[in-house]
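Tertiary structure, described
The chain contents come next:
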Amino acid sequence: MIDLTNIHPVTDFNRNTKEHIKRLKKTGKAEVLTVNGQAELVVQSAQAYQKLLDSAELAQTLAGIRRGLDQAKRGEGRPMREFLEQLGAKHGISLK
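Here we summarise the structure given alongside this text. The model shown is predicted, which means the values in this text are computed figures rather than measured ones.

1. What about the pairing of strand β3 (residues 38–43)?
Alignment of strand β2 (residues 31–35) against β3, held across five bridges, turns out to be antiparallel. In the strand pairing of β3, Val 35 is matched with Gln 38. Taken together, β2 and the strand that follows it, β3, pair antiparallel across an intervening segment of two residues, in which Asn 36 is found at a positive phi of about 55°.

2. Description of the sheet that holds strand β1 (residues 7–9)
Read from one edge to the other, the open sheet built from three strands follows the order β1-β2-β3, with strand pairing classed as mixed. Either end of the sheet is taken by a strand with one partner, and the two such strands are β1 and β3. Strand-to-strand, the axes of this sheet are offset by a mean angle of 35°, without reference to chain direction. The strands that helix α2 (residues 17–27) touches are β1, β2 and β3; relative to β2, the one it contacts most, it runs at about 150°.

3. Here's the deal with the environment of Leu 33
Checked against the element boundaries, Leu 33 lands in strand β2. For Leu 33, a relative accessible area of 2% gives the class buried. Taking the C-alpha atoms as reference points, Leu 33 and Asn 6, separated by 27 residues in sequence, lie 8.5 Å from one another. Not counting the four nearest positions on each side in its chain, Leu 33 is found in contact with His 8, Val 10, Phe 13, Gln 38, Ala 39, Glu 40, Leu 41 and Val 43.

Parameters and conventions
Residues numbered from 1 in each chain as written. Predicted model: local features only at pLDDT ≥ 70, side-chain atom pairs only at ≥ 80, totals over all residues. Heavy atoms only, no water. Pairing = 2+ DSSP bridges. Helix = DSSP H or I, 4+ residues; strand = E, 2+ residues; numbered from the N terminus. Axes fitted to C-alpha atoms, helices over the stretch in contact; angles between N-to-C directions. Contact = heavy atoms within 4.5 Å. Buried < 20%, exposed > 50% of the residue type's maximum accessible area, 1.4 Å probe, protein only.

Function-wise, these values are silent; they only describe arrangement.
This is the structure we're talking about:
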């Protein structure tokens, strides 16, 4: 959720960049920058951005696991041994 107190004109960001960076690092919250009163950019600290990327990656991983479990419940897929044997044969690797 965007904090409505963290909306600033891009001109203010340009004039007071150091203060904005200091606040971004301290709070970890993103700021919305406006041009002519319209939201144009969102800026945040590198650490906060990395945390966001990590959260998105975790969400994608969990969604993939959930899909796999749902497929298994429906009886879709094939036994792991069968898959590994086919994969090994494709790459000339014996699993025995």
